[in-house]
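# What the coordinates show
Read off the chains here:
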Amino acid sequence: MVRWSVRGGGVIGPAPFLIAGVVNITPDSFYDGGRHYSLEAAAHHGLELLSQGAHILDLGGESTRPFSERVEADTEMDRVMPVLQKILKARPEATISVDTYKASVAARCLEAGACIINDISACRFDPQLLDVLVQYKPGYVLMHTLDRPESMQTDPRYRDVTREILSFFETHLARLVQAGIPESHIVLDPGIGFGKNLEHNLEIMRNMECFHILGRPLYVGLSYKSLWSGLLEVELEGRGMPTQVGTALMAAKQVGIHRVHDVSDSVTTLKIVENICS
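Reference entry: report on the structure contained in this document. Each chain carries its own residue numbering, running from 1 in the written order of its sequence. pLDDT decides what is reported in this predicted model: residues at 70 or higher carry local features, side-chain atom pairs at 80 or more are listed and counted, and totals for whole chains, interfaces and linings draw on all residues regardless. Each side-chain value is worked out from all heavy atoms of the structure, with water and hydrogens disregarded.

## Things to note about the overall build of the protein chain
Secondary structure assignment for the protein chain yields nine helices and ten strands. Here the radius of gyration uses the C-alpha set of atoms, whereas the globule reference equals 2.2 Å times the residue count to the power 0.38. Its C-alpha radius of gyration of 17 Å places the protein chain within 12% of the 19 Å reference for a compact globule of 278 residues. Taking the principal axes of its C-alpha atoms as reference, the protein chain extends roughly 40 × 40 × 40 Å. Scored against the burial criterion, the 278 residues of the protein chain give a buried share of 57%. Numbering of helices and strands starts at the N terminus; helices are DSSP runs of H or I of at least 4 residues and strands are runs of E of at least 2. Only protein chains enter the area calculation, which uses a 1.4 Å probe; residues under 20% of their type maximum are buried, those over 50% are exposed, and those in between are partly exposed.

## Digging into the environment of Ala251
Relative to the helices and strands, Ala251 is located in helix α8 (residues 240-252). Taking the C-alpha atoms as reference points, Ala251 and Val220, 31 residues apart in sequence, are found 9.7 Å from one another. Throughout, a contact is declared for two residues whenever any of their heavy atoms are within 4.5 Å. If we skip the residues at most four places from it in the chain, Ala251 touches Phe17, His258, Leu270 and Val273.

## Comments concerning the packing of aromatic side chains
Here a pair means two rings of Phe, Tyr or Trp (six-membered ring of Trp) with centres within 6.5 Å. Their orientation is stacked below 30 degrees between planes, edge-to-face above 60, and tilted elsewhere. Per the stated rule, a full pass over the model turns up four aromatic pairs. Centroid distance Tyr101 to Phe125: 5.3 Å. Interplanar angle 85°. Geometry classified as edge-to-face. Taken together, the residues Tyr101 in the loop between β5 (96-99) and α3 (103-111) and Phe125 in the loop between β6 (116-119) and α4 (128-136) connect sequence positions 24 residues apart. The burial state of Tyr101 is the same as that of Phe125; both residues are buried. Judged by centre distance (5.7 Å) and plane angle (80°), the rings of Phe169 and Phe211 are edge-to-face. Residue Phe169 is located in helix α5 (residues 161-179), and its partner Phe211 is located in the loop between α6 (198-206) and β9 (219-220); the two are separated by 42 residues in the primary sequence. Each member of the pair, Phe169 as well as Phe211, carries the same accessibility label: buried. What links up through ring pairs into an aromatic cluster is the set Phe168, Phe169 and Phe211. In this scheme, Lys NZ or Arg CZ marks a charge over a ring once it lies within 6 Å of the ring centre and within 35 degrees of the ring normal. Geometry around Phe125 places Arg148 over its ring, the cationic atom sitting 4.4 Å from the centre.

The structure is reproduced here in structure tokens:
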């Protein structure tokens, strides 16, 4: 059972699996191409994902797809904050995560009611983010990546990808806890597609159980990622079924938190796994 402590003494779970529904508030999302970029469209999409069974909404105002360009903090804030406020006005009980590595964005969103920070950088891109996390003590997604999105896919190399990610988690988990973030607030994301080629991604997925040694829930995002095109030679529209198969396989390996685009289908997938593998 997954149990994740978040800001303000809140706890998500216990539950067999948690679903984080993706709300991209960018004009260049790899998944929807900016279809949910406007305030009304993004808020409506988020509320729809909640109605489908999402436990968490993960709002993002800067694309972190490979080779994407950075945006300024003010731009990111202008995209995320109105959507955050509109969703919480309609659903005050909603658990909102903000996908950001910027300290200023994180602080303002936490003040506005977000309770999780999903950070691709492990506080390396903006070191002041660590101070924000210590102050607010939100739920925190500690993710592995080799480098920034604009360069992470430029010839990524590892001697042993699983061991190196495990070492990364050990180092940064200890640093966060020592700084004052409760360990119960931290979950671990191996960063599928972030500074990894196809074989790296498959190797991580084959060995996902190795990360359980750290005693923290695992958070995985493999929804519609390019690894499915690399493996199966399918275009974006053909990645839905592989996403569900991958989600089921990761759930069977006791991954507890799944970041997905298709919430309704993922609810079905995880219900099947729960009833067969429990």
